[in-house]
Amino acid sequence: MGNFLSRTLGVINDFSVEEQLFLYQSAKRLKEKVRNKEDVSEFQIKRNTGIYIVFVEPSTRTKESFINAAKFHKNAKVNIFDSEHSSFNKQESYVDTFNMLTGYSEYSIFVLRTKLEGVVRLLERKVGEFADRNGIERPAFINGGDGKHEHPTQELLDEFTFLEHNNFDNSHIRIALVGDLLHGRTVHSKADGLKVFKNVEVDLIAPPELQMPEGYIQKMKRNGFEVRQFYSIDEYLSYGKPANIWYFTRLQLERMGEDILEKEKILRKAVTFRQDMLEKVPEGTRFYHPLPRPKFNPEIPTFLDTLSLNGWEEQAINGYYVRIVLLSMLGGAIEAPFDSVRSHSEEDENFIIPAPIIDGTKGVLKEGKRGIKPIENGTVIDHVAKGKSEEEIYNTIIKIRKILKLYDVDSADGIFKSADGNYKGYISLPDRYLSFKEIKKLSAISPNTTVNIVKNARVEEKYRIKMPPRIYGFDEIRCKNENCITNPAHGENVTASFIQVDGKFVCEYCETPHEYHEIWRI
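Residues numbered from 1 in each chain as written. Predicted model: local features only at pLDDT ≥ 70, side-chain atom pairs only at ≥ 80, totals over all residues. Heavy atoms only, no water.

Draft legend 1. Representation of helix α13 (residues 390-404). Between its terminal C-alpha atoms α13 stretches 21 Å, which fits the 21 Å expected from 15 residues at 1.5 Å a residue. Within α13 the residues assigned to the buried category are I393, T396, I397, K399, I400, R401, I403 and L404. Looking at the buried residues of α13, the elements they touch are β12 (378-384), β13 (412-417), β14 (423-430) and α14 (436-445). Positive backbone phi, approximately 55°, marks K405, located one or two places after α13. (Helix = DSSP H or I, 4+ residues; strand = E, 2+ residues; numbered from the N terminus. Expected span 1.5 Å × (residues − 1). Buried < 20%, exposed > 50% of the residue type's maximum accessible area, 1.4 Å probe, protein only. Contact = heavy atoms within 4.5 Å.)

Structure (C-alpha cells):
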C-alpha cells in the first residue's frame, strides 16, 4: 500500500512526518531483532537492485555507514565510488553520468554526497525524465550531504535517537543545539526534522558570529517551535533549568573567513563543555554529536566519555539501523500501512485576478488622463512598481521589456504621479496583445501591476496580477548561492527555480532564501 520505490530523500521534508515515524518504528524493530539474534530477512531487498554509493566529497562515517547498510541487503549489487577516482573530477556532467548508471540495473538506488548543493533534486528530475523516455524504472536518490545545505539521513538517525531517548514518546521535546549553528547542516535540518515531535522547544547556543541563520530560525517559528537564543553555555546554564537533550556540532573552521578565525579561541570557549558545569546539568541528560569530534579542544571533552551523559556513541550506532531501513523502504522490502505517495498540487493560478471594467473606459483609463495616451487596440500595462522611486520604476519598465521582448517601435512608456501621491509606471503597446503565458511571466517580473486588453478603444479585459507562488523558466533569474548546482560556473545548465515562502523566494535546489530583487540578474 505504502510503496517507497523511486522516491527521493533530498531534504528531510521529502518524507512526511507520518512516513518518518514509520521509518523510526521500523528501525526500532530491526534493532531489537538484530540484538536478539532474530530473523531479519523481512528487511532485506528482494528485487534486482543496484545500490550506488557515490561520494564526490570525501567522507568516512557516512560513507562506511551506507556501505555496510547496503551490504546488509544481500541480493543488492553494491557499487562504490569515491572522490579520488570519481569521473566527476574529469568535469563530466552529473546528469549524463547518472543517466548511464541508471541503465545498468533493473532498479537503482543512489546515495550521493557532494560539495555542490541541490544536486539530488536536479538528478531526481532529469534522470527521472531519462528513465521515463527509455522505459526504465525511475531510480531513488538519497542525499548523503550537500555542502552547507542538508544531511537528511543524519537527521533521520538523530530524530530516531531522540525518540529512543524519550521512550518513543513524540509528544514533546526540549533540545539545546550547541556549537557552530551557522555552518552546521545537521542543525539546519532540524528546523524541519523536529516536526516529528508535537511540541518543540529549541535552545540555540552559539556566539553571535556562529548563530543559526535567521532563515532557519523563522522556519522553526513557522513550524510552531518555541525558540530561545543564548551566546554561550555559561549564559545558558545561568538562565535556569536546561534541556535534557544537548546536540553539539563542531566549529567548521574550514568554512570560516579570516575575521571569524581570529576569534577562534573565544568562540570555542563559548560552546565547549567544562567539568565545573557538571553540577548544573539535570540528571538524565544526554549529549549528542554527529561526530567526529576535533582531536584538539573538542566541544565534548573526552572526560565525558565514561559518564552517563554520553549519548553520542549509541547515536552513531543507530545510523546503521536507520540507513538499512531507509534502503529497505526505497528498495521495496517494506511498505507502510498507509498511502506513502505524496500528492503534488497543481500550480495556483489565483495570482492573475480578473478585475471589473468601469463603464465608459476608453483606451486604458479615463479619457484624457495625463500621462497615458489612449490606444485603439493592444495592451496597456499600468501601475508598474507603484510607490517605488522614479529610478526603480524606470528600471522595472526596462526589465519588463527585455524579458518579455517588447520591442514595439510605436509603443510608449511613462512615469507619472497618481492621485494618492505615489509614482507609478506604464507601458502602452498598440496592436500587441499579451498572451496568458506572458501575463504569468509579468507577474513574476513586476507583481501588483494591472494589465488592460484594449479592443476598439475600449478595455475588454482587465487583470490585476500578484506575486506567483513559483518563479521558474527564466534565463534572467539566478540563485545567489555560489555553491548551488544552478550556478552557471558548475556547468550543469540548470535554470534556477524559486518558490515563495512568507514573502521570501527560496531556491528549489539549495533552499537559499532570497528577497525578490535578489533573484534577477538584470
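Draft legend 2. Layout of unusual backbone geometry. A cis geometry characterises the amide bond from L291 onward to P292, with omega recorded as 0°. Tracing the backbone shows P292 in the loop between β10 (286-288) and α12 (312-330). The backbone phi angle of N297 is positive, close to 55°, even though this residue is not glycine. Note that N297 resides in the loop between β10 and α12. Assessed through its relative accessible area of 53%, N297 is described here as exposed. For D431, which is not glycine, the phi torsion reads 60° and is therefore positive. Given the relative accessible area of 61%, D431 is considered exposed.

Draft legend 3. Focus on the pattern of salt bridges. Scanning all chains against the criterion turns up 34 salt bridges. Put simply, E508 and R470 hold a salt bridge, and the shortest N to O gap is 2.5 Å. A residue pair is termed long-range when its members are at least 10 positions apart, and E508 in the loop between β19 (504-507) and β20 (513-514) and R470 in strand β17 (residues 470-472) qualify at 38 residues. We classify E508 as buried; its relative accessible area is 17%. Among the charged side chains, a salt-bridge network with shared partners connects R174, E201, D203, E226 and R228. (Salt bridge = Lys/Arg side-chain N within 4 Å of Asp/Glu carboxyl O.)

Draft legend 4. Spotlight on the sheet that holds strand β1 (residues 8-9). Pairing is parallel in the open sheet, where five strands are placed in the order β1-β5-β4-β2-β3. Each of the sheet's edge strands pairs with one partner strand only, and the pair in question is β1 and β3 (77-81). Here β1 pairs with strand β5 (residues 140-146) via two bridges, running parallel. When the bridges of β5 are listed, L9 appears paired with I142. Running over the sheet, helix α3 (residues 94-102) touches β2 (49-55), β3, β4 (107-114) and β5 and is turned about 150° from β4. The sheet contacts of helix α4 (residues 119-133) involve β1, β4 and β5, and relative to β5 the element is tilted by about 160°. (Pairing = 2+ DSSP bridges. Axes fitted to C-alpha atoms, helices over the stretch in contact; angles between N-to-C directions.)

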